[in-house]
Amino acid sequence: MTRYKRQDPEITRRKFINVAMGTTAAVGGVSLLSTLGAANPVFRLTADKMPPLEGDILVHAEESKEGRPITVADLSTQLVRAWAMGKDEDGNDVIRKGDPNNILALYRFPQGQLVAPTNLEATVDGQIVAYSDICTHAGCSVSDSDINAGQMRCPCHSGEYDPKRGAIVTGGPPPKPLAQLPIRQDGDRLVVAGFFLTPPYPYHNSEAEWNNVKQEVEEALT
Amino acid sequence: MNQWLDDRLHISRLNDKFLRKAFPVHHSFFLGEITLFSLIILILTGILLALSYEPSNSMVVNSFDPGTADAPNLVPAAYHSALKINAAPFGDMLRRIHHWTANIMVAASVIHMMRIYFTGAFKKPREINWWIGMLLLIFAALTAVTGYVLPYDNYAYNTLKVIYSIAASIPWVGEWVAQAAFAGKFPGDGVIPRVYGYHIMLLPGILLALTAAHMLIMIKQKHTQPQYAKRIAYKKIVGVPLMTQQTPIMLMLTLLFAGIIVLFSAFIPVHPVEYFGPPSTTPIDNIKPDWYLLWVFGVLAIIPGFEFNFLGGNINSEFVGAILLPTLTLGAMFAVPMLDRSRENLYYAENPTNHPVRLGIGVAFMMLLAVWSVAGYKPELISAGILTTENANTVLWIATFLVPALSYFFVQAVVRGIRALRESDARDRANFQAADD
Ligand code: FES
């Protein structure tokens, strides 16, 4: 028996239609994909979204007192939440809460209790210390621990930090200590003395990204 | 009129094909139906809620507590509309019904899956429906999670924050994925409209399509038959037809079930938006996901913090705990039909004790999830003095391995006991018969 296979010199109709449909589907698919780009809006770095900057005043974040400058007398070994307040382009006061990750935690401990790895240079007299209050795990606000006095506890997945030792992780899943913010005293006000010493949440994964942010901020300011 | 319709729509064919579908008579076969009814109630109440909900996180003046002219009390519009829904007649009730039905839907589908697993109903030819069922479960959970976010109170806000950062923890692409999914950096200006779109359009659409496929395949392949069917008529379909016998049963079940939900909703409040207040930086103590996601939460609570760099991607405990481990767990569930080697089509629901290994593994798996869910209560366990901060993780990790292993062997022992009893019964019966002769 001979096998005869018909050799068609021309392209068959079926093949033509298949190829045409395939091309259409591919082009259509790719063009649909391009709409995905629009899913991710552009980000504009406005004054209220910048991280705490050198010269900003620390103000209360608690609703009833929001915007009032924090004095030394307001602070204790209990956490006090704060925002940094700076100026916008027109010179008006602006609280930098456009990015909720800018929330800060302030403590004042009796002399000698704050120890390494806290950066004592960046505290006020080795007594007042400021941290980012955003848990380095998944970004919840950290509170005073209700279980272990003197510790901080993140309510989301029980991350624990020690505010006297540079907010190192003492329990739970957080990968890194809270970022410390350098501060100084100016009269009875507390003033930010520079950028966070380590990348704060949400940049805690990459030094490079945090450096980009710092650069971006500096460019926007000049 | 029947004739007129039949000439056009061929109702009699529909009747033969679908309406006469035989339903096995056994209470465990109602679980899937309950899931379906829940979906219907959810869609109906969801539509009503959507009519009064404002999907926007721009700030508006709180009409219930406007503040003063120079210091107006601004709250997100979505939160404000949730307050308004609560204030409307039956509004709070509507939210409660929606909430409880969602919980019951997940519960019913989980028990439904357990029935399928333990009776071997996932075997050939029903593997595809097991996989569709898994997808239904996953998408149901996603729908529920996006639903939490919508009232946009402080609780929802904190939940959203965690979801965002879980998405962002994916190595390499995380930040982009999170921003694309939630309309920009957290909390983007468009995050509520985006999540709203997911919750009322995309996800319900997927759920409906999957449900339709699930049921069509089920009708095509027929239910597995309960064991008694083997004795009555071997290899024949035994059961009551949808029209007219099963329908009244279904209706009764629906009414009973709707009654229970309304009763629940009348007495058990859910998610009091007024109590949590609008989004703020005050964290919420002991925030927890619903019970069906508690195991993921538990894993996150006991996983030690770590991170390392892998080919330029950042792999941290959050990614491993909230994405990798759950993916593996769900993957194991997906793989269930592939571990089965039988070539024959399965007609009859199997007796779980005839498959002790499968039974044992199933129970062990459930115990594992139970242990992880308990781990979700770690802070409570510590403050109750049952565990201490120092030993909590160790104890919970030991339990993670020990409890499933022990329950596996326990199941084997029980099965052996049951078999021994059954065999001695059979011996007795044989002896009796011998004596009779
Ligand atoms: S977000 Fe703080 S422990 Fe998870």
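Residues numbered from 1 in each chain as written. Chains lettered and ligands numbered in written order. Predicted model: local features only at pLDDT ≥ 70, side-chain atom pairs only at ≥ 80, totals over all residues. Heavy atoms only, no water.

An unreviewed UniProt entry lists chain B under the name Cytochrome bc complex cytochrome b subunit, with Deinococcus terrestris given as the organism. What the UniProt record of chain B gives under Subcellular location (unreviewed entry) is the line "Membrane". (UniProt positions renumbered as here; feature names shortened; annotations may be inferred.)

Under the annotation held in an unreviewed UniProt entry, chain A carries the name Ubiquinol-cytochrome c reductase iron-sulfur subunit and is attributed to Deinococcus terrestris. As its UniProt record puts it under Cofactor (unreviewed entry), chain A is described as follows: "[2Fe-2S] cluster".

Colleague: Just to check I follow, could you spell out the overall build of chain A for this structure?
Modeller: For chain A, the helix and strand inventory stands at two helices and twelve strands. By the compact-globule yardstick of 17 Å for 222 residues, chain A is too spread out, its C-alpha radius of gyration being 27 Å. Judged by the C-alpha coordinates and their principal axes, chain A covers about 100 × 45 × 30 Å. Here chain A, with 222 residues, has 45% of them falling under the buried criterion. In chain A, the share of contacts with a sequence separation of at least 24, taken over all contacts with a separation of at least 6, comes to 53%. As displayed, chain A has an accessible area near 11700 Å², and 52% of this comes from carbon and sulfur atoms. Charged side chains of chain A number 22 positive and 28 negative; the gap between the two group centres comes to 14 Å. (Helix = DSSP H or I, 4+ residues; strand = E, 2+ residues; numbered from the N terminus. Rg over C-alpha atoms; globule rule 2.2 N^0.38 Å. Buried < 20%, exposed > 50% of the residue type's maximum accessible area, 1.4 Å probe, protein only. Contact = heavy atoms within 4.5 Å. Areas by Shrake-Rupley, 256 points an atom, 1.4 Å probe, with all protein chains shown as cover. Lys, Arg positive; Asp, Glu negative; His and termini not counted. Charge placed at Lys NZ, Arg CZ, Asp CG, Glu CD.)

Colleague: Could you clarify how one ought to interpret the domain arrangement of chain B in this entry?
Modeller: Note on interface size: it is often stated as the accessible area lost on association of the parts. Residue and element names in this part refer to chain B. Under the domain assignment, chain B is made up of domain 1 (19-274) and domain 2 (351-436). When each unit is reduced to the centre of its C-alpha atoms, the spacing between domain 1 and domain 2 is 31 Å. Contacts between the two partners involve eight residues from domain 1 and, on the opposite side, nine residues from domain 2. The contact between domain 1 and domain 2 buries some 620 Å² in all, and 64% of this surface belongs to carbon and sulfur atoms. One can count zero salt bridges joining domain 1 with domain 2. For the pair domain 1 and domain 2, the interface holds two residue pairs in polar contact (both at pLDDT 80 or more). For the side of domain 1 that touches domain 2, the element with the most residues is helix H5 (residues 91-118), which contributes three residues. (Domains from an automatic or database assignment. Buried area = accessible area lost by both parts, 1.4 Å probe. Salt bridge = Lys/Arg side-chain N within 4 Å of Asp/Glu carboxyl O. Polar contact = N/O pair within 3.5 Å; in protein donor to acceptor, adjacent residues only side chain to side chain.)

Colleague: Please explain a positive patch on the surface as it appears in this structure.
Modeller: Residues Arg13, Lys17, Lys220 and Lys222 of chain B make up a contiguous surface patch of positive charge. Structurally, Lys220 of chain B is set in helix H9 (residues 191-221). (Patch = residues over 30% accessible without salt bridge, like charges linked within 9 Å, V, L, I, M, F, W, Y side chains within 5 Å.)

Colleague: Looking at this structure, I do not really get empty space enclosed by the protein. What am I missing?
Modeller: Leftover empty space is mapped by rolling, across the atoms, a probe with the size of a water molecule. Taken as a whole and judged by the stated rule, the model has two cavities of 30 Å³ or more. Estimated volume of the largest cavity: approximately 50 Å³. Lining the largest cavity are Pro100 and Ser141 of chain A together with Tyr157, Asn158, Lys161, Ser280, Thr281, Thr282 and Pro283 of chain B. Residue composition of the lining of the largest cavity, by class: three nonpolar, five polar and one charged. Approximately 30 Å³ is the volume attributed to the second largest cavity. Around the second largest cavity, the lining residues are Cys140, Ser141, Pro155 and Cys156 of chain A together with Asn158, Pro283, Ile284 and Ile287 of chain B. (1 Å grid on protein atoms, 1.4 Å probe; cavity = no way out; pocket = protein on both sides within 12 Å on 5 of 7 lines; lining within 4 Å. Points joined across faces, edges and corners; volume = space filled by probe spheres on them. Nonpolar A, V, L, I, M, F, W, Y, C, P; charged D, E, K, R; others polar.)

Colleague: Before we go on, may I ask you to explain helix H4 (residues 77-87) of chain B in this structure?
Modeller: An α-helix turns once per 3.6 residues; consequently, residues spaced three or four apart project the same way. In terms of burial, H4 of chain B is a largely internal element, nine of the eleven residues being buried. Buried residues in H4 of chain B make contact with helix H3 (31-52), strand E2 (59-61), strand E3 (74-76), H5, H9 and helix H12 (273-276) of chain B.

Colleague: Help me out: how do you make sense of helix H11 (residues 242-267) of chain B in this one?
Modeller: Taking 1.5 Å per residue, 26 residues should reach 38 Å; H11 of chain B reaches 35 Å between its end C-alpha atoms and fits that length. Looking at the buried positions of H11 of chain B, the neighbouring elements they touch are helix H2 (11-19), strand E1 (22-23), H3, H5 and strand E4 (240-241) of chain B. (Expected span 1.5 Å × (residues − 1).)

Colleague: Is there a simple way to think about the nonpolar core in this case?
Modeller: A general feature of soluble globular proteins is that nonpolar side chains tend to end up buried together. Of all hydrophobic cores here, the largest spans 37 residues; its most connected members are Val142, Met152, Tyr161 and Leu178 of chain A together with Trp372 of chain B. Broken down by secondary-structure element, the contributors of at least two residues to this core are strand E4 (104-108) and strand E5 (128-132) of chain A together with helix H7 (154-168), helix H13 (294-302), helix H15 (356-375), helix H16 (378-383) and helix H17 (392-436) of chain B. The element that contributes the greatest number of residues to this core is H13 of chain B, accounting for five residues. Here this core spans two domains, and each of domain 1 (19-274) and domain 2 (351-436) of chain B adds at least three residues to it. Ignoring sequence-local partners within four residues, the contact set of Trp372 of chain B consists of Leu294, Trp295, Gly298, Val299, Ile302, Leu325, Thr329 and Thr400 of chain B. (Core = buried A, V, L, I, M, F, W, Y, C linked by side-chain atoms within 4.5 Å.)

Colleague: For this particular structure, what's the right way to read the sheet that holds strand E8 (residues 160-162) of chain A?
Modeller: Whenever strands of a sheet pair, they do so through backbone hydrogen bonds, lying parallel or antiparallel. One open sheet accounts for four strands, arranged E6-E7-E8-E9 (chain A); its pairing is antiparallel. The open sheet has two edge strands with one neighbour each: strand E6 (143-144) and strand E9 (168-171) of chain A. (Pairing = 2+ DSSP bridges.)

Colleague: How do you make sense of the pattern of salt bridges when you look at a structure like this?
Modeller: Side chains that carry opposite charge are capable of pairing whenever their charged atoms lie near each other. In this structure the tally under the stated criterion is ten salt bridges over all chains. A salt bridge links Lys87 of chain A to Asp93 of chain A, with the shortest nitrogen-to-oxygen separation between them at 2.7 Å. According to the relative accessible area criterion, Lys87 of chain A is exposed, its value standing at 51%. When salt bridges that share partners are traced, they join Lys123, Asp340, Glu350 and Arg358 of chain B into one network.

Colleague: How do you make sense of a nonpolar patch on the surface when you look at a structure like this?
Modeller: A surface patch of nonpolar side chains, about 610 Å² in accessible area, is lined by Leu256, Ile260, Leu263, Phe264, Phe267 and Ile268 of chain B. Locating Phe264 of chain B in the fold gives a position in helix H11.

Colleague: Would you explain the UniProt feature "domain: Rieske" (unreviewed entry) in chain A in this entry?
Modeller: The sites that carry the UniProt feature "domain: Rieske" (unreviewed entry) are, in the present numbering, residues 117-192 of chain A. Within residues 117-192 of chain A, the helical portion is 0% and the strand portion 34%, while the C-alpha atoms at the span's ends are 20 Å from each other.

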